[in-house]
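# Breakdown of the fold
What follows is the residue order along each chain.
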Amino acid sequence: SPCLVLDGASDVTVENVRFQNCRAYRGGGIYVKGGSKRALFVGCEFVGNEAIDQGGATFVRDSSSASFVSCEFRNNRAGTDGGVAYAYQDSTVSFSDCNIKSNSAGTDGGVAFVNLYSTASFSGCNMVSNRAVQDGGVAVVNLYSTASFSDCNISSNSAGDDGGFAYITQASHANFLRSSFSFNS
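Residues numbered from 1 in each chain as written. Predicted model: local features only at pLDDT ≥ 70, side-chain atom pairs only at ≥ 80, totals over all residues. Heavy atoms only, no water.

### A few points about the overall build of the protein chain
Of regular secondary structure, the protein chain possesses zero helices and 27 strands. Counting only C-alpha atoms and orienting by the principal axes, one finds that the protein chain spans roughly 40 × 30 × 30 Å. Taken across its 185 residues, the protein chain has 49% of its residues classed as buried. For the protein chain, the exposed surface amounts to about 7,300 Å²; the carbon and sulfur share of it is 43%. (Helix = DSSP H or I, 4+ residues; strand = E, 2+ residues; numbered from the N terminus. Buried < 20%, exposed > 50% of the residue type's maximum accessible area, 1.4 Å probe, protein only. Areas by Shrake-Rupley, 256 points an atom, 1.4 Å probe, with all protein chains shown as cover.)

Here it is as structure tokens:
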């Protein structure tokens, strides 16, 4: 099971904790569900976590929300989608001033898979050398979902099929502001 499960929790703050080599079916490091609100992770490290299915470091679902501030994500892996995060069913994930490097997905979204009316935001993040076997080296945004990227450095990410950086599909939206994109393939 994941290192930490939040189920219907509110106002949870986790500071300066290292989640390393955790393994679960979904959400290798953290699983946030049941309408959990205001889960905040500050200065945490997520290293080498693995999900057999989705969300290598974290899986957020059921109208839940999680925020990550000044965190580091490296070498996390999902067997299918979302090497770092999988946001599902009207959920929200946000990343501010995070370093996100060398994460991978066996199918789509080397960093994030945002699905079914969910939202992901990235602000001031460095996203380097992440990969997906199929689509979205950094992100796949699917089924009426939204993603935003502002003041980010996004470089050297890759996808085997489409969207070295991102793959936006099925009535989804994305916003890109003041970010640098280089060497994504």
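That shown, we press on.
### Remarks on the state of the cysteines
One pass over the full model with this rule turns up one disulfide. Covalently, Cys3 is tied to Cys22 through a disulfide, its sulfur atoms 1.7 Å apart. The disulfide joining Cys3 to Cys22 has a torsion of about -80° about its S-S bond and is therefore left-handed. Placement of the pair is Cys3 in the segment before β1 (4-7) and Cys22 in the loop between β3 (18-20) and β4 (23-24), with a sequence separation of 19 residues. The class for Cys3 is partly exposed, based on a relative accessible area of 44%. (Disulfide = S-S within 2.5 Å.)

### A few points about the pairing of strand β17 (residues 112-115)
With burial as the criterion, each face of β17 is covered, one bearing Ala112 and Val114 and the other bearing Phe113 and Asn115. In terms of strand pairing, strand β13 (residues 85-88) meets β17 through four bridges, oriented parallel. Across the sheet, the residue bridging to Ala87 is Val114, located in β17. In this sheet, strand β21 (residues 139-142) lies alongside β17 in parallel orientation, the contact comprising four bridges. Each bridged residue has a counterpart across the sheet, and for Phe113 the counterpart in β21 is Val140. (Pairing = 2+ DSSP bridges.)

### Some remarks on the side chain of Asn76
In this structure, Asn76 sits in the loop between β11 (72-74) and β12 (77-78). Asn76 gets classed as buried once you look at its relative accessible area, which sits at 0%. Each residue touching Asn76, except ones within four places of it in the same chain, is listed here: Phe46, Val47, Gly48, Asn49, Gly56, Ala57, Gly83, Ser102, Asn103 and Ser104. (Contact = heavy atoms within 4.5 Å.)

### Some thoughts on the environment of Val140
Structurally, Val140 can be placed in strand β21. Residue classification places Val140 among the buried positions, given a relative accessible area of 3%. Not counting residues within four places of it along the chain, the set of residues in contact with Val140 comprises Asp108, Gly109, Ala112, Phe113, Val114, Asp135 and Tyr167.

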